[in-house]
Structures are given as structure tokens and as C-alpha cells.
Amino acid sequence: MSTPHIDAPEGAFAPTVLFPGDPLRAQHIAQRFLADAVLVTSARNMFGYTGDYRGQRISVMGSGMGIASSSIYATELIRHYGVKRIVRVGTCGAVSDDLDLGDLVLALSASTDSNVNRLRFAGMDFAAGASYRLLRDVADQAERARVAVHVGNVFSTDLFYSPNPNMADTLAAMGILAVEMEAAGLYGLAAEFGAQALAVLTVSDHLRHDAHMDVRQRQTGVDAMVELTLDALCA
Ligand code: HPA
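This write-up is about the structure you can find in this document. (Residues numbered from 1 in each chain as written. Predicted model: local features only at pLDDT ≥ 70, side-chain atom pairs only at ≥ 80, totals over all residues. Heavy atoms only, no water.)

Here we take up the nonpolar core. Counting 67 residues, the largest nonpolar core has Phe13, Leu18, Leu77, Tyr187 and Leu198 as its most contacted members. Sort the elements by how many residues they give to this core and helix 7 (residues 215-233) lands first, with 7 residues. Aside from chain neighbours lying at most four places away, what touches leucine 77 is Ile6, Phe13, Val17, Phe19, Met61, Gly82 and Val83. Of all hydrophobic cores here, the second largest spans 6 residues; its members include Val95, Phe155, Ile176 and Val179. (Core = buried A, V, L, I, M, F, W, Y, C linked by side-chain atoms within 4.5 Å. Buried < 20%, exposed > 50% of the residue type's maximum accessible area, 1.4 Å probe, protein only. Helix = DSSP H or I, 4+ residues; strand = E, 2+ residues; numbered from the N terminus. Contact = heavy atoms within 4.5 Å.)

Counted by the stated rule, this structure contains 3 aromatic pairs. With 4.7 Å between their ring centres and 75° between their planes, phenylalanine 160 and tyrosine 161 make a pair best called edge-to-face. Given a relative accessible area of 70%, tyrosine 161 falls into the exposed group. (Phe/Tyr/Trp six-rings, centres within 6.5 Å; stacked < 30°, edge-to-face > 60°.)

Let us now look at the layout of surface pockets. It is the rolling of a water-molecule-sized probe over the atoms that shows where space remains empty. Taken as a whole, the largest pocket holds about 840 Å³ of empty space. Together, 36 residues line the largest pocket, and Gly93, Phe160, Val179, Met181 and Asp205 are the ones closest to its centre. Among the secondary structure elements, those contributing two or more residues to the lining of the largest pocket are helix 1 (23-33), strand 5 (85-94), helix 5 (167-173), strand 8 (178-180) and strand 9 (196-206). Residue composition of the lining of the largest pocket, by class: 15 nonpolar, 12 polar and 9 charged. Its boundaries defined by the atoms lining it, the second largest pocket holds a volume of some 160 Å³. (1 Å grid on protein atoms, 1.4 Å probe; cavity = no way out; pocket = protein on both sides within 12 Å on 5 of 7 lines; lining within 4 Å. Points joined across faces, edges and corners; volume = space filled by probe spheres on them. Nonpolar A, V, L, I, M, F, W, Y, C, P; charged D, E, K, R; others polar.)

Together, Phe121, Met124 and Phe126 make up a nonpolar patch on the protein surface, roughly 260 Å² of accessible area in all. As for its position among the elements, phenylalanine 121 is in the loop between helix 3 (116-119) and helix 4 (132-144). Residue classification places phenylalanine 121 among the partly exposed positions, given a relative accessible area of 33%. (Patch = residues over 30% accessible without salt bridge, like charges linked within 9 Å, V, L, I, M, F, W, Y side chains within 5 Å. Areas by Shrake-Rupley, 256 points an atom, 1.4 Å probe, with all protein chains shown as cover. Salt bridge = Lys/Arg side-chain N within 4 Å of Asp/Glu carboxyl O.)

With that out of the way, let us pick up the side chain of serine 114. Looking at the element boundaries, serine 114 is found in the loop between strand 6 (104-112) and helix 3. From its side chain, serine 114 meets the backbone nitrogen of valine 116 in a polar contact 3.1 Å long. Not counting residues up to four positions away in its chain, the partners in contact with serine 114 are Ile67, Ser156 and Asp158. (Polar contact = N/O pair within 3.5 Å; in protein donor to acceptor, adjacent residues only side chain to side chain.)

Further remarks concern the site of the ligand. Near the ligand you find Thr91, Cys92, Gly93, Phe160, Val179, Glu180, Met181, Ser204, Asp205 and Leu207, and these make up its full shell. Between the ligand and the protein, one listed contact pairs a nitrogen atom with a backbone N or O atom of threonine 91 at 3.5 Å. The contact in question runs from a nitrogen atom of the ligand to an N or O atom on the backbone of glycine 93, over 3.4 Å. Under a 2 Å grid-point criterion requiring more than half of the atoms, the pocket assigned to the ligand is the largest pocket. At the level of secondary structure, the elements contributing two or more residues to the shell around the ligand comprise strand 5, strand 8 and strand 9. When its residues are assigned to classes, the shell around the ligand shows 5 nonpolar, 3 polar and 2 charged. (Near = heavy atom within 4 Å. Sits in = over half its atoms within 2 Å of the grid points.)

This part covers helix 6 (residues 183-193). For helix 6, the buried fraction is high: 8 of the 11 residues fall into the buried class. Residues Ala183, Ala184, Gly185, Leu186, Tyr187, Gly188, Leu189 and Ala190 constitute the buried set of helix 6. One or two steps after helix 6, the chain reaches glycine 194, where phi turns positive at roughly 70°.

As a further point, take the environment of leucine 106. Assignment of secondary structure puts leucine 106 in strand 6. Considered as a pair, leucine 106 and threonine 202 are 96 residues apart in the sequence and their alpha carbons are 9.1 Å apart. With near-sequence residues (within four places) excluded, leucine 106 lies in contact with Leu135, Val138, Ala139, Val149, His150, Val151, Gly152, Ala199 and Val200.

If you want it as C-alpha cells, here you go:
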């Protein structure tokens, strides 16, 4: 049976799902990295695929942008399809001076301006943290592959276009590495449902240096991040 937003049969997803924001990136990842990839859902053009990487069954599905969209898909994947591990692979806008375009960030924790974790935690502040196991696996793989990673706190915002002109400086002053739009929701949801989650991010923009990757740089950067993540998950 399908869910309100995923039209796949039961058992269509592997226990581990890569979770890019863009459904066309999910399609690209499936075609480029997975053997025998099968399209398992396309409701609302939010494509999901299941295939093999190094002999291990793995799925990839678009999350859409923001906590609202990604939470719908992640909840249905975990509750209905038995998914155990969700790894967001996405881009972020750096605020730390230590980061450059193309750098990799592992979101150890995710601060947020969203209210979702208070909604699920009786109004209290939940410390949204990554799965240590997943974080460790990707960090270890990065070390083996001699790829530098930044591990720390990111900020998951509900507003891509912030009305606050000082926002990036405020975040940087508190040691935030970068801004994105999903991790805090995903981490809270994983806690709620007993799953594991991690966000692996490529710096596509620098919000305090007014620097931006072009389309080709984004594609290359994201492919390298996806390969590293798949190697870590399927080691
Ligand atoms: N803000 C939020 N999310 C992002 C950004 C940004 O500037 N860049 C890439 N993802």
C-alpha cells in the first residue's frame, strides 16, 4: 500500500535512504551511482529509486525544500516503509570564515528558527543531533579517502530569504558553520521515531563573502559528496 505522498508498494525502499532536496538530483544519483536502479515512486514528481551500491541495497529519494516538505517524506519512509537510516545529501550556505566553496560539512547538530522540535517536545528545546554512528562512518570514510570535512553545528532555517540583514553574522558569532533548511527537522524526527539521521552538506554559497558556485561546480561537488557518503554507508 502507498502513503498519501509516496506511491510505492511495501518493501520498495531499502533500510538506508539518501535524501537530496531536488528530485532530479535523486534521479541523477540513481542513474550515476546505483546498479539496477528502479523508480519506486514519482508522486508529485518527487522521484524515489532503489538499487545497489557495492552489492548493498540502497534507496535515494528527493525530500523537497525545507523542513515541512522533507518531514512529510521522512516520516512516511520511516513509519510506513521501515526505513532506518536517512542521510541528507545537500548544499548549504556557509557563514563561518573557515569554510570555502566546495568544502564538506557533517552536521553534528542543527540549530533552527523552526518550531517543529518544540511541537514534538512539549514546548521544550530539543538538541537536534546527528546519529553518532552515521557521523562516525562518514568521517572515517573521509579520513580514508583523505577528504577534509568540517564537523559542527549548522542552522536549519525556514526562510531562505531572511528579513534580518544581520542573520549570517549572528550565526557566525555563535560558531555556526553553515545554513541549510532540513537537518534540524530530520534529526528531531529521527529521535521521535527511533531512526538514525545525518546531513552531509557541500558548501555551495558563502553568505558573508558573497560567493556562489555555478551549476557545473555544484554538480561536481555534489557527486563527490555522494560518492563519499555511499562508500561510507556501504563499506
Ligand atoms: N540558505 C539556505 N539554504 C541553503 C543556502 C542558503 O543560503 N545555500 C544552499 N542551501
